[in-house]
Each structure stands twice: as structure tokens, then as C-alpha cells.
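# Examining the three-dimensional arrangement
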Amino acid sequence: MEKAKPAEEVLPLSDTDYNFVASLLYDRFGIQIGSQKRVLVAGRLTKRVRQLGLASFAEYFTYLRADNSGNELSEFINRLTTNHSFFCREKDHYDFLRSTVLPDLKGRMDRDPRYELRMWSAGCAAGEEVYTLAMVLRDFFGPSTDGSDLGLLATDISLQALKAAKEGIYAAAKLSELSTAMRSSYFRPAGAGLFEVAPEVKRMVLFKRLNLMAEKYPFKNPFDVIFCRNVMIYFDQASRSSLIHSFYEHVKPGGYFFIGHSETIPRADCPFEYVQPAIYRKRGP
Ligand SMILES: C[S@@+](CC[C@H](N)C(=O)[O-])C[C@H]1O[C@@H](n2cnc3c(N)ncnc32)[C@H](O)[C@@H]1O
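Report on the accompanying structure. None of the values given here were measured: they were computed from a predicted structure.

## Here's the deal with empty space enclosed by the protein
- Overall, the coordinates contain 1 cavity of 30 Å³ or more when judged by the stated rule.
- Its boundaries defined by the atoms lining it, the largest cavity holds a volume of some 50 Å³.
- Lining the largest cavity are Val101, Asp104, Leu105, Arg108, Tyr115, Asp224, Val225, Lys252, Pro253, Gly254, Gly255 and Tyr256.
- Where the lining of the largest cavity is concerned, the elements lending two or more residues are helix H5 (91-111), strand S7 (223-228) and strand S8 (251-259).
- Looking at which element gives the most residues to the lining of the largest cavity, the answer is S8, with 5 residues.
- Its residues assigned to classes, the lining of the largest cavity comprises 6 nonpolar, 2 polar and 4 charged.

## A short note on the site of the ligand
- Not every one of the 22 residues close to the ligand is listed here, only the nearest: Asn83, Ser85, Arg89, Asp156 and Asn230.
- Taking Arg89, its side chain carries an N or O atom lying 2.7 Å from an oxygen atom of the ligand.
- Considering the ligand on its own, with 600 Å² of exposed area, one finds that the protein chains cover 99% of that surface.
- With respect to the detected pockets, the ligand is housed in the largest pocket.
- Partitioned by chemical class, the residues of the shell around the ligand number 9 nonpolar, 9 polar and 4 charged.

## Considerations on the pattern of salt bridges
- Scanning all chains against the criterion turns up 15 salt bridges.
- Here Asp104 and Arg108 are joined by a salt bridge, their closest N and O atoms 3.4 Å apart. Taken together, the positions of Asp104 and Arg108, both in helix H5 and 4 residues apart, correspond to about one turn of that helix.
- Since its relative accessible area comes to 29%, Asp104 is described here as partly exposed.
- Of the residues examined, Arg108 reaches a relative accessible area of 16% and is grouped as buried.

## Comments concerning the environment of Asn78
- Here Asn78 lies in helix H4 (residues 71-80).
- For the pair Asn78 and Val41, spaced 37 residues apart in sequence, the C-alpha to C-alpha distance is 12 Å.
- Look past the residues within four positions of Asn78 in its chain and what remains in contact with it is Ser158, Leu159 and Gln160.

## Describing the sheet that holds strand S3 (residues 169-171)
- In space, the 3 strands of this open sheet follow the order S3-S5-S4, with antiparallel pairing throughout. One side of each edge strand has no neighbouring strand; the edge strands of this open sheet are S3 and strand S4 (187-189). Pairwise comparison of adjacent strand axes, ignoring direction, gives a mean angle of 35° for this sheet.

## Concerning the layout of surface pockets
- Within this model, the largest pocket holds a volume of roughly 410 Å³.
- As for the largest pocket, its lining consists of 26 residues, of which Gly123, Asp156, Asn230, Val231 and Tyr234 are closest to the centre.
- Here the residues of the lining of the largest pocket are counted per class, giving 12 nonpolar, 10 polar and 4 charged.

## Thoughts on the side chain of Asp156
- Mapping Asp156 onto the fold places it in strand S2 (residues 150-156).
- Although Asp156 is buried, it makes no salt bridge; Arg209 carries the closest opposite charge, 7.3 Å away.
- Within the structure, Asp156 has its side chain in polar contact with the backbone nitrogen of Ser158 (distance 2.9 Å).

## Quick notes on helix H2 (residues 38-51)
- Taking 1.5 Å per residue, 14 residues should reach 20 Å; H2 reaches 20 Å between its end C-alpha atoms and fits that length.
- For H2, every residue scored as buried is listed here: Val41, Ala42, Leu45, Thr46, Arg48 and Val49.
- Where H2 is buried, its residues meet helix H1 (15-29), helix H3 (57-66) and H4.
- Gly53, located one to two residues past H2, shows a positive phi value of around 75°.

The rules behind the values
- Residues numbered from 1 in each chain as written.
- Predicted model: local features only at pLDDT ≥ 70, side-chain atom pairs only at ≥ 80, totals over all residues.
- Heavy atoms only, no water.
- 1 Å grid on protein atoms, 1.4 Å probe; cavity = no way out; pocket = protein on both sides within 12 Å on 5 of 7 lines; lining within 4 Å.
- Points joined across faces, edges and corners; volume = space filled by probe spheres on them.
- Helix = DSSP H or I, 4+ residues; strand = E, 2+ residues; numbered from the N terminus.
- Nonpolar A, V, L, I, M, F, W, Y, C, P; charged D, E, K, R; others polar.
- Near = heavy atom within 4 Å.
- Polar contact = N/O pair within 3.5 Å; in protein donor to acceptor, adjacent residues only side chain to side chain.
- Areas by Shrake-Rupley, 256 points an atom, 1.4 Å probe, with all protein chains shown as cover.
- Sits in = over half its atoms within 2 Å of the grid points.
- Salt bridge = Lys/Arg side-chain N within 4 Å of Asp/Glu carboxyl O.
- Buried < 20%, exposed > 50% of the residue type's maximum accessible area, 1.4 Å probe, protein only.
- Contact = heavy atoms within 4.5 Å.
- Pairing = 2+ DSSP bridges.
- Axes fitted to C-alpha atoms, helices over the stretch in contact; angles between N-to-C directions.
- Lys, Arg positive; Asp, Glu negative; His and termini not counted.
- Expected span 1.5 Å × (residues − 1).

If you want it as C-alpha cells, here you go:
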């Protein structure tokens, strides 16, 4: 009988190592980690250190600092972020879109044929959120549109997550909150219990890498709807506050901002008007 492989030994992570990781995550990405993440950090980064043929975290950090291309920083953040998501997560947000937001937007588009609908999934992980949005839009507006006029943008810091998003292939468990109708209309079996998002839905979305901690975002025009759900949980209060104000600048008057249900915006620091749990609106027509 074949012997079980010994589990890969996790490299020792000193206090100095851990502080370096924590500072880098905070300074470059706004992500705050407490001391309880030590085992996770050591485990995830050990794999990378070994892959590079290095012997210790100290050697790895020297390598990381010397890499001016930004590629290793990208590998580093890919390994440390959590990209957990699934289709139709927090379903009442999509119900609210169908019942309130989309009819209002359709009215605007009917009145002004040049009206540009724009939606942004900020922190899109592997695409589950933005593809759910695309499917809801397609159900609402009908298949006559090829989606290119429904400007759907999805961004994330993790290149790995964005690659998976563009591939659009998922395990069945990720689809379990979707209605049977949506599952059968918008997915094709991809073998081995996997499902692939239909090409007409994939075509509706533009994926881009963006660090939400960037000082300026490269958008000329504001959005009707921004989703930034279950992303700010990683940030401290100061970073969250500045991010919420940046989002406010990028929402059209009358547009909406959605956050995760486990997140809150302190009332005193909220430029948006509160609509219902985890849904906010910028005052306007
Ligand atoms: C838990 S997922 C949330 C996915 C989806 N929005 C949802 O609610 O299901 C958090 C995502 O935020 C991304 N993220 C974390 N920090 C970021 C940053 N500074 N800039 C952009 N994306 C970031 C992670 O890579 C990850 O994909």
C-alpha cells in the first residue's frame, strides 16, 4: 500500500515576519489582520516560499522587496485574500434591484435614449456577484440586448480571482441559491460536476484589476449602482470611511450603493441616505 505523504511542514514565522506581512497588507491594500491570522499567513505563504526554492520567510521578504515589477506583490495578495463568494448571495439585494432600481433605470433609459447604464461590482472575487447581476439584468431587459449597452464592470485586487471569473466555471454548490430557471437559462454543464456561465452572460461583463486603496479610480463617468459587499470587513474604520466617500463620488445622484449585510456604515459618517439594511442611495432625482 502506498504510504501517505507527510503534510508539508509550515515554516516558522517570527514576530518580525508577521509584523512585516501585517504592515504590507495594511499600507498597500488597506487590509487589517489581527494576531489570530498567524497560522493562516504562515500556511499560505510557506507554499509560495517553497515554490520559489527559498528557505525562509526572511529570504522571501527580501525577494518580495527587490521585485519592482509588482508581480510578487500580486502573488502575495492572491495568497492572502479570501475570495469566498457564491451566486445570488444576499438574495434580497437582487429582489430590490428587480422591484425598485431596474424599473426606475428603465424609465430613465426610455426617456433618454443616450442614457448610459453603469454598474460596478467592487471586490468581485471569482465573478459570482457580477454574473448574478448580469443574469438579473438579462431577465429584466430581455435577450434583445447583447449586454454591451448595460455597462457592467467588475474589479478585484486578486489576479487569480479575476482569471477564475473570466473562465466562469463553478462547482454546483456555488449555484445552490439560484432559481432553477436561472440555472438552466444561464449555465452549461462543463463536466466533472462543474457548470459554465453562458457566453452571452460572460460577454456582458468587463473585468479589471483595481486596488480599492488606490488614491484615484480611473473612471470618467459615475455609476448607477455600486456593489461593494463583504470587502470592507477587511479594512479598518479609517480606510472604510475614505472608501465610502470615494464610492459616493462615483455614484450618480439618485444611484445606489450596496454593502454586505454583516457590514455597517456609522450614521455620523455616511454621505448616503439609508434605504434599508445594507442598501444606501445618493440623494438626487
Ligand atoms: C469575500 S470576497 C467578496 C466577494 C463578493 N463581493 C461577495 O460579496 O460575495 C472579498 C474580495 O475583496 C477583494 N479585495 C480585498 N482587498 C481588496 C482591495 N484592496 N482592492 C480590491 N479588492 C480587494 C478580495 O480579493 C476578494 O476577492
